[in-house]
Amino acid sequence: MKRVINKVAVLGSGVMGSRIACHFANIGCEVLLLDIVPKEPNEIEKAKNLTLENKVVRDRIANNDLQFALKSNPSPIYKKQFASRIKTGNFEDDMSKISSCDWVIEVVIENLEIKKKVFENVEKFRKPGTLITSNTSGIPIHLMTDGRSDDFKAHFCGTHFFNPPRYLKLLEIIPTKFTKVEVTEFLMGYGEQFLGKTTVLCKDTPAFIANRVGVYSIMSLLHTVEKMGLTVEEIDKLTGPVLGRPKSATFRTCDLVGLDTLVMVAKGLKQNCPNDEAKELFEIPGYIQKMVDNKWVGDKAGQGFYKKIKNKEGKSEIQALDLKTLEYKPSQKVKFATLETTKAVDNLKDRVKILINGKDKAGEFYRSTFTGLFQYVSNRIPEISDELYRIDDALKAGFGWDLGPFEYWDAIGVKEAVSLMEQSSLTPAAWVTEMLKDNDSFYKLEDGVRKFYDIPTKSYKVIPGTEKFISLENIRATKTIWKNSGLTITDLGDGILNAEFHTKMNTIGGDVLQGLMKAVEIAEKDYKGLVISNEGANFSAGANVGMIYMMAVEQDWDELNMAVKTFQDTTMRLRYSSIPVVAAPHGLALGGACEICLHADKVVAHAETYIGLVEFGVGLIPGGGGTKEFALRLSDSLLEGDVELNIFRDKFLTLGQAKVSTSAYEAFDLGILRKGIDKVVVSRSRQLAEAKAECLLMVEEGYSKPAPRNDIRVLGNQALGLVYAGADSMRSGNYISDHDKFISEKLGFVLAGGNLSQPTLVSEQYLLDLEREIFVSLCTERKTLERIHSIINGGKILRN
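No experiment lies behind these values; they were computed from the predicted model shown.

> Tell me about the overall build of the chain, and please be specific about residues and values.
Looking only at helices and strands, one finds 33 helices and 25 strands in the chain. The globule rule puts the C-alpha radius of gyration for 800 residues at 28 Å, and the 29 Å found for the chain is close to it. The dimensions of the chain, computed from C-alpha atoms along their principal axes, are 80 × 70 × 65 Å. Across the chain, contacts joining residues at least 24 apart in sequence account for 69% of those joining residues at least 6 apart. Counting only carbon and sulfur atoms, one obtains 51% of the accessible surface of the chain, whose full area is about 34,900 Å².

> Would you mind going over the environment of Asn6 in detail, with residue names and values included?
Position of Asn6 among the secondary structure elements: in the segment before strand 1 (7-11). Sequence-wise, Asn6 and Trp103 are 97 residues apart; in three dimensions their C-alpha atoms are separated by 8.7 Å. The residues contacting Asn6, other than those within four sequence positions of it, are Cys29, Glu30 and Asp102.

> So what's going on with the packing of aromatic side chains? Residues and values would help.
Applying the stated rule across the entire model yields 29 aromatic pairs. Arranged with centres 5.0 Å apart and planes meeting at 50°, the rings of Phe370 and Tyr408 form a pair that is tilted. On the criterion of sequence distance, the pair formed by Phe370 in helix 16 (residues 361-379) and Tyr408 in helix 18 (residues 405-412) is long-range, its members being 38 residues apart. Take Phe370: its relative accessible area is 3%, and that puts it in the buried class.

> Would you mind going over unusual backbone geometry in detail, with residue names and values included?
Across the junction of Asn73 and Pro74, the peptide omega takes the value 5°, indicating a cis bond. Within the fold, Pro74 resides in the loop between helix 4 (60-71) and strand 3 (86-90). Between Asn163 and the following residue, Pro164, the backbone shows a cis peptide bond with an omega angle of 0°. For Pro164, the position within the fold is in the loop between strand 6 (156-161) and strand 7 (170-175). With a phi close to 55°, Gln555 is a non-glycine residue in the positive phi region. Note on placement: Gln555 falls in the loop between helix 23 (545-553) and helix 24 (557-575). Classification of Gln555 by relative accessible area gives exposed; the value is 56%. Unlike most non-glycine residues, Asn734 shows phi in positive territory, near 60°. By the secondary structure assignment, Asn734 is in the loop between helix 30 (717-732) and helix 31 (738-751).

> Give a description of the state of the cysteines that names residues and reports values.
Following the criterion strictly, the structure yields zero disulfides and no others. We note that Cys29 lacks a disulfide partner, and the nearest cysteine sulfur, in Cys101, lies 10 Å from it. Here Cys273 stays free of any disulfide, with the sulfur of Cys202 as its closest cysteine sulfur at 14 Å. Residue Cys273 is classed as buried on the basis of its relative accessible area of 5%.

> A description of the pattern of salt bridges should follow, citing residues and the corresponding values.
For the structure shown, the criterion picks out 60 salt bridges. A salt bridge links Lys46 to Glu43; its shortest N-O distance comes to 3.8 Å. Taken together, the residues span about one helical turn, with Lys46 and Glu43 both in helix 2 (residues 43-47) at a distance of three residues. A single salt-bridge network, built from bridges that share partners, covers Arg212, Asp276, Glu277, Arg380 and Glu383.

> A description of the packing of helix 24 against helix 32 (residues 764-778) should follow, citing residues and the corresponding values.
Each pair of packed helices gets described by two things: the angle between the helix axes and the distance between those axes. Where helix 24 contacts helix 32, the two axes come as close as 10 Å, and the packing angle between them is 145°. The hand of the helix 24/helix 32 crossing is right-handed. Contacts from Trp557, Leu560, Asn561, Val564, Lys565, Gln568, Met572 and Arg575 of helix 24 reach helix 32 at Glu764, Leu768, Glu771, Arg772, Phe775 and Val776. Looking at the contact of helix 24 with helix 32, its residues break down into seven nonpolar, two polar and five charged.

> Requested: an account of the confidence of the model for the chain, with residues and values cited.
Of all residues in the chain, 98% have pLDDT values of 70 or greater, and the mean over the chain is 95. Scored below 50 in pLDDT, residues 795-800 makes twelve contacts in the model with residues more than four places away or belonging to other chains.

> Outline helix 13 (residues 286-293), listing residues and values.
Tyr287, Ile288 and Met291 are the residues of helix 13 that are buried. Projected down its long axis, helix 13 carries its buried residues within an arc of 100°, all on one side. Against helix 9 (210-228), helix 12 (259-272) and strand 10 (316-322) lie the buried residues of helix 13. At the exit of helix 13 stands Lys295, carrying a positive phi of roughly 65°.

> Report on the layout of surface pockets, specifying residues and quantitative values.
Within this model, the second largest pocket holds a volume of roughly 770 Å³. As for the second largest pocket, its lining consists of 36 residues, of which Gly542, Ala543, Asn544, Val545 and Ile548 are closest to the centre. Counting only elements with at least two residues in the lining of the second largest pocket, the list comes to helix 22 (510-526), helix 23, helix 24, helix 25 (592-598) and helix 33 (782-792). Broken down by element, the lining of the second largest pocket gets its largest block of residues, seven residues, from helix 24.

Cut-offs used in this document
Residues numbered from 1 in each chain as written. Predicted model: local features only at pLDDT ≥ 70, side-chain atom pairs only at ≥ 80, totals over all residues. Heavy atoms only, no water. Helix = DSSP H or I, 4+ residues; strand = E, 2+ residues; numbered from the N terminus. Rg over C-alpha atoms; globule rule 2.2 N^0.38 Å. Contact = heavy atoms within 4.5 Å. Areas by Shrake-Rupley, 256 points an atom, 1.4 Å probe, with all protein chains shown as cover. Phe/Tyr/Trp six-rings, centres within 6.5 Å; stacked < 30°, edge-to-face > 60°. Buried < 20%, exposed > 50% of the residue type's maximum accessible area, 1.4 Å probe, protein only. Disulfide = S-S within 2.5 Å. Salt bridge = Lys/Arg side-chain N within 4 Å of Asp/Glu carboxyl O. Axes fitted to C-alpha atoms, helices over the stretch in contact; angles between N-to-C directions. Left-handed = near helix turned anticlockwise from the far one by under 90°. Nonpolar A, V, L, I, M, F, W, Y, C, P; charged D, E, K, R; others polar. pLDDT = per-residue confidence, 0-100. Arc of directions from axis to C-beta. 1 Å grid on protein atoms, 1.4 Å probe; cavity = no way out; pocket = protein on both sides within 12 Å on 5 of 7 lines; lining within 4 Å. Points joined across faces, edges and corners; volume = space filled by probe spheres on them.

Written as structure tokens, this is what we have:
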């Protein structure tokens, strides 16, 4: 049976329900969001003489919850207009509307009896074959099917989204013994392809996979802290980015989530897992219980492990809790010798080996926590999962770990880690010992394909579903055809190359520009097309401003002019190569990275792409062809009949306000992505394969090299008058500084095509020369150098 999801009903509009509704709206679904009818009108409604019979009153809970979600930051919606896809209502008046829905998701309070009552009502109206799932985070899924029909049971399972659903990638799928296999397979595939999730198949065990292991890890750490006498600041330093974990690390994350929530889950695990060998670790440490008793449960209470106060000078100050005295004190910077030795080690797997072998307190901490974690996860197979990769996937997607437990274990060395475990009187599960008789890792690469160790067959198997993906990490070793310090060119097969940045933050300097030129040269000679993508946390933070700063400080204007021209030449080479070029940005794509995307034949952007030309913020204008390209697109818009000065103003403000899209969809509104040409994919795992496919499609359709543009209509003094008048007005009102006014006028000068008495047709090269001239001239400004210096040095002001 072909199943298509066009309309989704979300039952329960609270924090999770409203945001799940938003994410389905994000991907184009119609959504029906329902909740209970209020007990009575509130004071505002009473003042308007509204009664409980009025629909506005009856739908108030769902309406208010949705509006609260839409106003939250970060936003749950890709684009404000997408919220129009959500209709609200209530359980009493609107439950019958679920008969037109393809999927019904229950997201009510975590109470089994209430959920069963909702399902009883659902069964009255849902059409046979409709998917019905529960978003419970801990209630056994099979208990919810009592009294339900065979068709309900066959199409029912758990779908555990992690909060916030737009941003956290994990979606746990928990079938029951009644769930049809094809329903489980559909949800696994749909979640990955359309919702952009890492879908993890779970058994119906307490807390499923991610929370079972994740909460164990946190609770184990809380006991270790007490045993080793470590501070809040030390733990967050040890368990943050250095370990491949989020910046919020451990205690900051607890403050964000709520300590009371963690305690509740831990108590539930202790109660529901009586045979868990680590159940004593789910006991709440004394200092944690005191914090809960004091209601110091995190951000929602105004204090937790951290507290923000105003000091004597009236400035904000972050204080950290002393876990021994339970008093707050100014947060302290932390240093460990082991961490110092890893500063130059970018590769996380190499870094982990150093961390666990540290000779100081940090090394002791890592050995204690990792060996316990390794024993725990090995013992959870087959209890919570039959396959080890599912545990890794769940922790990476649900908790933001860069490596899963078994991947950390591989990085350290399985045998080496077992030896460390034995020194602490810990032992792995028997299957690990059995594996080590003939193998030495949980994963291996064979011919560019990643495989996992399958315990029942004692062999390595391809991770199901990954056949559709292209992983640069997997193919880099055997498919690299050229590389330098900043960029690697990889053969993706079928005549398509990939150019991958690998500098710090993937910033763009001379090595990256050289690599892009080389990629085009090689592709034109022996291949069909080129994709520009990478697997870093961000596509690119933009041009290397440190390099620009050094040349400006040394007043090496010829060298700076040449560097800017090299960037322009590179983006124009991408635009006018004889092969199609596809850019595939994700995460941050700022400044120069945005300019690269602007000059690609096509952009295949991940939905979570935050792209924009931000140079104005450092006192510059886009100088790698970005200002030129906006002038070109402005000209093309004028041909389409827009009012000239209105469209000029919009383009000018996008650059002058350094606007960055909050999603790839918003980038269309900013004029960075092009409707009908560029596309958005929600699945990050599929993005590179999609980009390659688009590149091949252009080849098959007979791609031909575009002709340079000499017909760009610029408005000259007509537009400059608007710029100068607007800048004067903003300065008079003290909305901008003198320096901002100066930059605004320079930006407007380039966008308008210079001091021209009337609208004129000019070439791209004319605009590039103008753009470069203004860019270099701005680098001579003291205020510009101060801004760049401040960014490079984390806010410190240039004094000399």
